[in-house]
Amino acid sequence: MKNTIYAICFFALMLTCSTIYAQNYKTAEDTVKLNKEFTEVSNDIASMTAKLTIAKNNMPGYKSKANAAESDAQDAAVNSSEQADKAKNGSVKEARKAKHKSKKAFREAKDSRSANNDITEQDNKIASLTGDLAKKQTRLEQLTAMRAAINAQHPQQ
């Protein structure tokens with residue numbers, strides 16, 4: 001957990017620094033570098049858009065799994081409670097069944113929690129991709145403006 005926080009902080013710092021020191025292209029000699037970065041940014045945008053689309057399309061599946069896991073957990077908890085009531089006044093066999101059903105209810109609850117964590121992770125992934133995509137699109141707009149400025153300085157014959 002601690003390492004994850006350090007990694008996230010490091011990447012946030014690197015993203016901030018990379019946007020601060022972003023390359024400015026001003027002369028006609030810079031067009032090769034500009035075109036190269038323009039292509040890289042365009043490809044990054046395309047791949048991020050595809051990943052974002054996939055993540056959004058997978059979200060209903062995660063939600064349905066979470067809902068199913070939650071209902072299974074509730075059913076298992078109800079069954080466990082009923083079996084525990086029977087075991088109070090019952091035999092050792094009833095107590096063993098109650099113990100078994102309580103373990104099953106616990107596993108189902110863990111599965112439900114895991115499914116909800118998957119939804120949270122998917123939401124975070126979508127938010128991250130959306131933010132990164134917005135940054136790349138901003139950079140693409142900057143590159144387009146730089147290209148237009150260079151072309152305005154040196155009109156082609």
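Look up: the structure comes first, before these words.
Rules used throughout
- Residues numbered from 1 in each chain as written.
- Predicted model: local features only at pLDDT ≥ 70, side-chain atom pairs only at ≥ 80, totals over all residues.
- Heavy atoms only, no water.
- Helix = DSSP H or I, 4+ residues; strand = E, 2+ residues; numbered from the N terminus.
- Buried < 20%, exposed > 50% of the residue type's maximum accessible area, 1.4 Å probe, protein only.
- Contact = heavy atoms within 4.5 Å.
- Areas by Shrake-Rupley, 256 points an atom, 1.4 Å probe, with all protein chains shown as cover.
- Expected span 1.5 Å × (residues − 1).
- Polar contact = N/O pair within 3.5 Å; in protein donor to acceptor, adjacent residues only side chain to side chain.
- Phe/Tyr/Trp six-rings, centres within 6.5 Å; stacked < 30°, edge-to-face > 60°.
- Lys NZ or Arg CZ within 6 Å of the ring centre and 35° of its normal.
- Patch = residues over 30% accessible without salt bridge, like charges linked within 9 Å, V, L, I, M, F, W, Y side chains within 5 Å.
- Salt bridge = Lys/Arg side-chain N within 4 Å of Asp/Glu carboxyl O.
- Lys, Arg positive; Asp, Glu negative; His and termini not counted.
- Charge placed at Lys NZ, Arg CZ, Asp CG, Glu CD.

(A) Seen up close, the overall build of the protein chain. Looking only at helices and strands, the protein chain has three helices and zero strands in total. Traced from its N-terminal end to its C-terminal end, the protein chain shows the element sequence α-α-α. Buried residues in the protein chain amount to 20% of all 157 residues. By sequence separation, contacts in the protein chain at least 24 residues apart represent 81% of the contacts at least 6 residues apart. Summed over its atoms, the accessible surface of the protein chain is roughly 11500 Å², and 56% of this surface lies on carbon and sulfur atoms.

(B) Geometry of helix H3 (residues 92–153). The terminal C-alpha atoms of H3 lie 91 Å apart, and with 62 residues this matches the ideal 92 Å at 1.5 Å per residue to within 8%. Structurally, the start of H3 carries an N-cap: the backbone nitrogen of Lys 93 is 3.4 Å from a side-chain oxygen of Ser 91.

(C) Representation of the packing of aromatic side chains within the structure. For the coordinates displayed, the defined rule picks out zero aromatic pairs. When the ring centre of Phe 38 is taken as origin, the NZ or CZ atom of Arg 147, which lies over that ring, is 4.2 Å away.

(D) Inspection of a positive patch on the surface at higher detail. A surface patch of like charges, here positive, comprises Lys 86, Lys 93, Lys 97, Lys 99, Lys 101, Lys 103, Lys 104, Arg 107, Lys 110 and Arg 113. If you tally residues by element for the positive patch, the top one is H3, at nine residues. The exposure class assigned to Lys 101 is partly exposed, which follows from its relative accessible area of 31%.

Structural measurements only, silent on function.
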